[in-house]
Structures are given as structure tokens and as C-alpha cells.
Amino acid sequence: FEEIDELIKELGIDCEGNLEYPTVLKMLVILATRRKKGPSMEDVKVAFSIYDKDESGFITKNEIRCVVFGLGLPIDEIVLEQKLTQCDVNDDKKVSIDEFGKYLDELKESLE
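Everything quoted here is computed from the prediction, not taken from an experiment.

(A) Seen up close, the nonpolar core. With 17 residues, the main nonpolar core has Tyr 51, Ile 59, Ile 64, Val 95 and Phe 100 as its most contacted residues. If you list the elements that add at least two residues to this core, you get α3 (41-51), α4 (61-70), α5 (77-87) and α6 (97-111). It is α6 that contributes the most residues to this core, 4 residues altogether. Setting aside residues no more than four positions away along its own chain, Val 95 makes contact with Phe 48, Gly 57, Phe 58, Ile 59, Leu 84, Cys 87, Asp 88 and Phe 100.

(B) A look at the pattern of salt bridges. Overall, the coordinates contain 5 salt bridges when judged by the stated rule. Lys 61 serves as the salt-bridge partner of Glu 77, at 3.7 Å between the closest nitrogen and oxygen. Of the two residues, Glu 77 is situated in helix α5 and Lys 61 in helix α4; the sequence distance between them amounts to 16 residues. Owing to a relative accessible area of 40%, Glu 77 belongs among the partly exposed residues under this scheme. Here Lys 61 falls in the partly exposed class, since its relative accessible area comes to 25%. Lys 93 serves as the salt-bridge partner of Asp 91, at 3.8 Å between the closest nitrogen and oxygen. Residue Lys 93 is classed as exposed on the basis of its relative accessible area of 52%. A cluster of three or more residues bridged by salt bridges with shared partners is formed by Lys 61, Arg 65, Glu 77 and Glu 81.

(C) Highlighting unusual backbone geometry. Phi at Glu 55 is positive, roughly 55°, even though this residue is not glycine. A residue is classified by how much of its surface remains accessible, and Glu 55, at 70% relative accessible area, is exposed. A positive phi angle, close to 60°, is found at Asp 91, a residue other than glycine. Overall, Asp 91 belongs to the exposed group, its relative accessible area being 55%.

(D) Fine view of α3. Turning to α3, its buried residues are Val 44, Phe 48 and Tyr 51. One face of α3 carries all of its buried residues, which in axial projection span an arc of 50°.

(E) View of the packing of α4 against α5. Two elements in contact, α4 and α5, have axes separated by 10 Å at closest approach and are oriented at 125°. Judged by the inter-axis angle, α4 sits oblique to α5. Read as a crossing pair, α4 and α5 show a hand that is right-handed. Every residue of α5 that contacts α4 at Lys 61, Ile 64 and Arg 65 is listed here: Glu 77, Leu 80, Glu 81 and Leu 84. Class assignment of the residues belonging to the contact of α4 with α5 gives a composition of 3 nonpolar, no polar and 4 charged.

Conventions used here
Residues numbered from 1 in each chain as written. Predicted model: local features only at pLDDT ≥ 70, side-chain atom pairs only at ≥ 80, totals over all residues. Heavy atoms only, no water. Core = buried A, V, L, I, M, F, W, Y, C linked by side-chain atoms within 4.5 Å. Buried < 20%, exposed > 50% of the residue type's maximum accessible area, 1.4 Å probe, protein only. Helix = DSSP H or I, 4+ residues; strand = E, 2+ residues; numbered from the N terminus. Contact = heavy atoms within 4.5 Å. Salt bridge = Lys/Arg side-chain N within 4 Å of Asp/Glu carboxyl O. Arc of directions from axis to C-beta. Axes fitted to C-alpha atoms, helices over the stretch in contact; angles between N-to-C directions. Parallel < 35°, antiparallel > 145°, perpendicular 65-115°, else oblique. Left-handed = near helix turned anticlockwise from the far one by under 90°. Nonpolar A, V, L, I, M, F, W, Y, C, P; charged D, E, K, R; others polar.

No statement about biological role is implied by the geometric values presented.
Spelled out as C-alpha cells, the structure:
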């Protein structure tokens, strides 16, 4: 937890209230990046499986919503739709593991 506390201080995050989902996702990517070059395919598979509740091979907006709410994080429908649109390259309203991995790589690059 020390590493997370240091990251919170470094990013200047005010922890008086709840952290929002995009902030948590950024923190996870930063931590993964610091530990190695970036998320490995195994990391992507593990993270993907957390969202892909029905094991269909795709992540839907409802699955994202369930995971976020399960973590106790606030997210509104606009942000949820934006995240889905950012990940969903082929615009089929679901995210494949390849799209998810590409999104994580792009997020990592934007933080460097």
C-alpha cells in the first residue's frame, strides 16, 4: 500500500472523497508501467477476465458498469459511454481482448 500512497501524493489526488474510475485506471496503469515496460498479454488477459463476467470474449457496457459499481466507484453514464467508445475500435458496442489491450497500451503511452 506504500507504493499506492506515494502515487496518490505524487499525482496530487485529494482522497477526502471517493476516487473516480478514470483516476483509478490511470493509477493502475502507472503502477504496471513502473514495474515493467507495460502490461504483458497475461496482464491484459487477467484484467480482461475481471470485466468479461459472462466469459463471452467481449466486454459490454453493462459489464463495465457492474465492475465499477462492485468496486464502489462512482461513474456516470456519459463517462461510461466515453470509455466504451475509446476502447471499441470497430464500433460494435463491445470490447474484444485485442481492443482492450490496445486501449491499455494507449493509456500507458499517454501517461509517459
